Amino acid sequence: MIKLRGIAKSFGKQEVLKGIDLTVEKGEVVAILGPSGSGKTTLLRCINYLEKPNAGEISIDDFSVNCRKPAKKDIHLLRRKTAMVFQQYNLFRHKTALENVMEGLVVVKKLPKEEARRIGAELLEKVGLADKLDAYPSQLSGGQQQRVGIARALALNPEVILFDEPTSALDPELVGEVLAVIRKIAREGITMIIVTHEMGFAQDVANHIVFMEGGLVVEEGPPKVIFQAPKEERTRQFLARYT
Ligand code: ADP
């Protein structure tokens, strides 16, 4: 359903992604693990063209983007099929929780305001924020802001939601509520790719683990195999440090 072929990305002379191949099936929850600096976030950002890959191909269903010579309309389409949940939430500060979720529905999906409001309220209820529709980001905790971020991503009804270390900016006591929401929507069969350092969470919510190091996929497979019987020494060393 999502296929990455030979994704490469350099910043100046630094080769951050060295040719990533990855296939993600519909409904899969993929966790990308690996040491800091291995290119996980850059890969995620390449999937929706927040970073422009230097080479490779990104396919979603029956359409694909050739990253060497992408057509503008392909980039646009790719962005429509993906939604990102950011580490720092990236909410509009001057908009309420509901307005943040409605934005994509009105601007991207061109829905009438009333319908956008109804869907937005439903989604905020789904992430446990039914009583915070009119709150501004500054009036919400980090965990609540991130749940607004998740509702906003869901509103776009994307083929895949990309989570970039969604809990790493949160105080420890707020991590659980965000992971619980991600777990809940994972059970609904939404395809997700999650960059995370939460090993327990990855082990229990993902059905496909990708271990990256030095801009390459070192090893991938089901959590049982990766966590209990990794084939690669580098995976073993990484997991020994984290679990
Ligand atoms: P990870 O998510 O695995 O920690 P990143 O993808 O964030 O890794 O970063 C990989 C490398 O790319 C790092 O060395 C980082 O400094 C570099 N990098 C990431 N984004 C940029 C950028 N916009 N400009 C220059 N270097 C960057």
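You'll find the chain entered in an unreviewed UniProt entry as Amino acid ABC transporter ATP-binding protein, with Cohnella terricola given as the organism. Database annotation for the chain, UniProt heading Subcellular location (unreviewed entry): "Cell membrane".

Draft legend 1. Just the sheet that holds strand S1 (residues 2-11), in detail. One open sheet holds the four strands; their spatial order is S2-S1-S4-S5, and the pairing between them is antiparallel. The open sheet has two edge strands with one neighbour each: strand S2 (14-24) and strand S5 (63-66). This sheet shows a mean twist of 20° between the axes of neighbouring strands, independent of strand direction. Here S1 runs beside strand S4 (residues 55-60); their pairing, made up of five bridges, is antiparallel. Bridge pairing in S4 links Arg5 to Glu57. On top of the sheet, helix H1 (residues 40-47) reaches S1, S2 and S4; it is set at about 60° to S2, its chief contact. In the packing of helix H2 (residues 72-81) onto the sheet, contacts are made with S4 and S5, and the angle to S5 comes to roughly 125°.

Draft legend 2. Main features of the environment of Glu173. Considering the arrangement of structural elements, one finds Glu173 in helix H6 (residues 172-187). Along the chain, Glu173 and Pro137 lie 36 residues apart, while their C-alpha atoms are 19 Å from each other.

Draft legend 3. A look at the confidence of the model for the chain. Per-residue confidence for the chain gives a mean pLDDT of 96; residues scoring 70 or more make up 100%. Confidence metrics for the complex model read pTM 0.96 and ipTM 0.98.

Draft legend 4. Representation of the site of the ligand. For the ligand, the full set of nearby residues is Phe11, Val16, Gly34, Ser36, Gly37, Ser38, Gly39, Lys40, Thr41 and Thr42. Top element by residues in the shell around the ligand is H1. It accounts for three residues. Considering only residue class, the shell around the ligand consists of two nonpolar, seven polar and one charged.

Draft legend 5. Summary view of the sheet that holds strand S3 (residues 29-33). Strand order in the open sheet formed by six strands is S6-S7-S8-S3-S9-S10, and the pairing between neighbours is mixed. At either end of the open sheet lies a strand with only one pairing partner, and these are strand S6 (82-85) and strand S10 (216-221). Taken over all neighbouring pairs, the strand axes of this sheet differ in orientation by 20° on average, direction set aside. Of the pairings in the sheet, the one linking S6 to strand S7 (residues 160-164) comprises four bridges and is parallel in character. From the neighbouring strand, Ala83 faces S7, where its bridge partner is Ile161. Running at roughly 180° to S6, helix H5 (residues 142-155) makes contact with S6 and S7 of the sheet.

Parameters and conventions
- Residues numbered from 1 in each chain as written.
- Predicted model: local features only at pLDDT ≥ 70, side-chain atom pairs only at ≥ 80, totals over all residues.
- UniProt positions renumbered as here; feature names shortened; annotations may be inferred.
- Pairing = 2+ DSSP bridges.
- Helix = DSSP H or I, 4+ residues; strand = E, 2+ residues; numbered from the N terminus.
- Axes fitted to C-alpha atoms, helices over the stretch in contact; angles between N-to-C directions.
- Contact = placed C-beta atoms within 7 Å.
- pLDDT = per-residue confidence, 0-100.
- Near = placed C-beta within 6 Å.
- Nonpolar A, V, L, I, M, F, W, Y, C, P; charged D, E, K, R; others polar.

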